[in-house]
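# Coordinates in review
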Amino acid sequence: MLDLSLSEARGGEADQLDLRIQDHDRAMALPRRGVLLSIALGWRGRGLIDKGTFTVDEVEHSGSPDVITIRARSADMTRPLRTRQERSWHGVTLGAVLRQLAGEHRLQPRIAPTLAAVRLAHLDQSESDLALLARLGQRYDAVATIKGGSLLFAPIGSGATPTGTALPQATIARADGDSHRFAYADRDKYSGVRAYWTDHAGANRKSVLVGESGDAKRLRETYASEAEAREQADAEWARVQRGAATLSYTLAIGRPELYPEQRVRVRGFKPEMDGTPWLIAKTTHTMTGDSGLSTALELEAVSD
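Residues numbered from 1 in each chain as written. Predicted model: local features only at pLDDT ≥ 70, side-chain atom pairs only at ≥ 80, totals over all residues. Heavy atoms only, no water.

### Observations regarding the sheet that holds strand E15 (residues 216-223)
Spatial strand order, E14-E13-E15: three strands in an open sheet with mixed pairing. A strand with exactly one partner marks an edge of an open sheet, and here the two such strands are strand E14 (204-211) and E15. The mean angle between the axes of side-by-side strands here comes to 25°, regardless of whether they run parallel or antiparallel. Strand direction decides the pairing type here: strand E13 (residues 192-199) and E14, joined by eight bridges, are antiparallel. (Pairing = 2+ DSSP bridges. Helix = DSSP H or I, 4+ residues; strand = E, 2+ residues; numbered from the N terminus. Axes fitted to C-alpha atoms, helices over the stretch in contact; angles between N-to-C directions.)

### Observations regarding the packing of aromatic side chains
Per the stated rule, a full pass over the model turns up two aromatic pairs. Considering the side-chain rings of Tyr 249 and Phe 269, the 5.3 Å spacing of their centres and the 75° angle between planes classify their relative orientation as edge-to-face. Of this pair, Tyr 249 sits in strand E16 (residues 245-251) while Phe 269 sits in the loop between strand E17 (263-267) and helix H5 (271-274), placing them 20 residues apart in sequence. The class for Tyr 249 is buried, based on a relative accessible area of 2%. Of note, Arg 205 hangs over the ring of Tyr 196, and the distance from its end group to the ring centre comes to 3.9 Å. (Phe/Tyr/Trp six-rings, centres within 6.5 Å; stacked < 30°, edge-to-face > 60°. Buried < 20%, exposed > 50% of the residue type's maximum accessible area, 1.4 Å probe, protein only. Lys NZ or Arg CZ within 6 Å of the ring centre and 35° of its normal.)

### Things to note about unusual backbone geometry
For the peptide bond that leads from Gly 63 to Ser 64, omega is -10°, which places it in the cis range. Structurally, Ser 64 is set in the loop between strand E4 (47-62) and strand E5 (67-74). In this structure, the amide linkage connecting Ser 64 to the following residue, Pro 65, adopts the cis form with an omega of -5°. Along the polypeptide, Pro 65 turns up in the loop between E4 and E5. Of note in this structure, Arg 26 is not a glycine but carries a positive phi near 60°. Structurally, Arg 26 can be placed in the loop between strand E2 (16-22) and strand E3 (36-43). Despite not being glycine, Asp 141 shows a phi value in the positive range, around 50°. By the secondary structure assignment, Asp 141 is in the loop between helix H3 (129-139) and strand E9 (142-147).

### Describing the nonpolar core
Counting 24 residues, the largest nonpolar core has Leu 94, Leu 98, Leu 136, Tyr 140, Leu 151 and Phe 153 as the members making the most contacts within it. Secondary structure elements with two or more residues in this core: helix H1 (94-104), helix H2 (113-116), strand E8 (119-125), H3, E9 and strand E10 (150-155). Among the elements that take part in this core, H1 stands out by supplying five residues, more than any other. Core analysis: the second largest hydrophobic core is formed by 16 residues, Val 266, Phe 269, Ile 280 and Ala 301 among them. (Core = buried A, V, L, I, M, F, W, Y, C linked by side-chain atoms within 4.5 Å.)

### Focus on the environment of Ala 144
Relative to the helices and strands, Ala 144 is located in strand E9. Considering only alpha carbons, one finds Ala 144 and Arg 71, 73 residues apart in sequence, at a separation of 23 Å.

### Some points on the pattern of salt bridges
Using the criterion set out here, one finds 16 salt bridges in the structure. A salt bridge links Arg 71 to Asp 18, with the nearest nitrogen and oxygen atoms 2.7 Å apart. Placement of Arg 71 in strand E5 and of Asp 18 in strand E2 is noted, with a sequence separation of 53 residues between them. Among the salt bridges present, the one from Arg 26 reaches Asp 66, with a minimum N-O distance of 3.3 Å. Pair noted here: Arg 26 is in the loop between E2 and E3 and Asp 66 is in the loop between E4 and E5, with a separation of 40 residues, a long-range link. Several salt bridges share partner residues, and in doing so they unite Asp 18, Asp 57, Glu 58, Arg 71 and Arg 73 into one network. (Salt bridge = Lys/Arg side-chain N within 4 Å of Asp/Glu carboxyl O.)

### Some details on the pairing of strand E1 (residues 3-9)
Of all seven residues that make up E1, six are buried, and the element is covered over most of its length. For E1 and strand E18 (residues 278-288), the ladder comprises seven bridges, and the chain directions are antiparallel. Across the sheet, Leu 4 pairs through a bridge with Met 287, a residue of E18.

### Considerations on helix H4 (residues 226-242)
Under the 1.5 Å per step criterion, the end-to-end length of H4 is 24 Å for 17 residues, consistent within 8% with the ideal 24 Å. Every buried residue belonging to H4 is among Glu 228, Ala 229, Glu 231, Gln 232, Ala 233, Ala 235, Glu 236, Trp 237, Arg 239 and Arg 242, and all of these are buried. Where the residues of H4 are buried, they touch H3, E13, E14, E15, E16 and strand E19 (292-301). (Expected span 1.5 Å × (residues − 1). Contact = heavy atoms within 4.5 Å.)

### Structural notes on the sheet that holds E10
Taken together, three strands build an open sheet; the order of strands is E7-E10-E9 and the sheet is mixed. Across the chains shown, the open sheet's two edge strands, defined by having one partner strand only, are strand E7 (108-111) and E9. Taken over all neighbouring pairs, the strand axes of this sheet differ in orientation by 10° on average, direction set aside. Note that E7 and E10 share four bridges and pair parallel. Looking across to E10, one finds that Arg 110 is bridged to Leu 152. Relative to E9, H3 is tilted by about 155°, and along the sheet it contacts E9 and E10.

Below, the structure written as structure tokens:
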């Protein structure tokens, strides 16, 4: 193996594994598409961390020198999940819709109770089940993904699993890393979020406001009901506030036990950075012959 890269996201896209394998003696057979790869990362004496199972979907052979490049994505992202469907639900809970999706694909539903109880007056689907899951995650500002045979749906930044179990908080020191990049925007850039909806009874366009009206961000889409407009405004306001500060950080010694949605505290930086609670949005674990195992983190600020 020449190198390995594993990227993990919290929703909307499949986790991805990239491998490059030396084939100078031409003794390595090309792997077939659809083959499953299981991966575990770690350090000698510390044990291995299971990072899941991946399905090979791209293979490339190049040279000279001869190298096999393999790309694999989360094994849970099966073809039926990506097949477009058209259907509707009326007067159901969000939990009922998600449990139906999970059942159809033989997945274990793991849905936060607060979101499972949300009432949906009407929901149309004209995309794949995977795209629908991503759309619902966007609408409710939720982690919406499929991993380890489970459909996961929980509020972003909750600091807990969908079943309510608290996630361990990690601490990272400045001395642990090779490089970092911190940026923050004016927290007062937007005072709130305004979303529009169509009042069919009155035949006019109305709006809802989350936050304050002074310099509110206006969503372009017009929604079907006041409830949906408010849900979208709430979700966008949460994203605006999380995006006020970001931190990219590469750990010199990889930590494969870190994963998206875990809360992190940093120390040894500027006071603004050390005093901010962070949430992991994405991890990329990389292994090479020259530098060994390292981990790159993409963090965003959250409220305590």
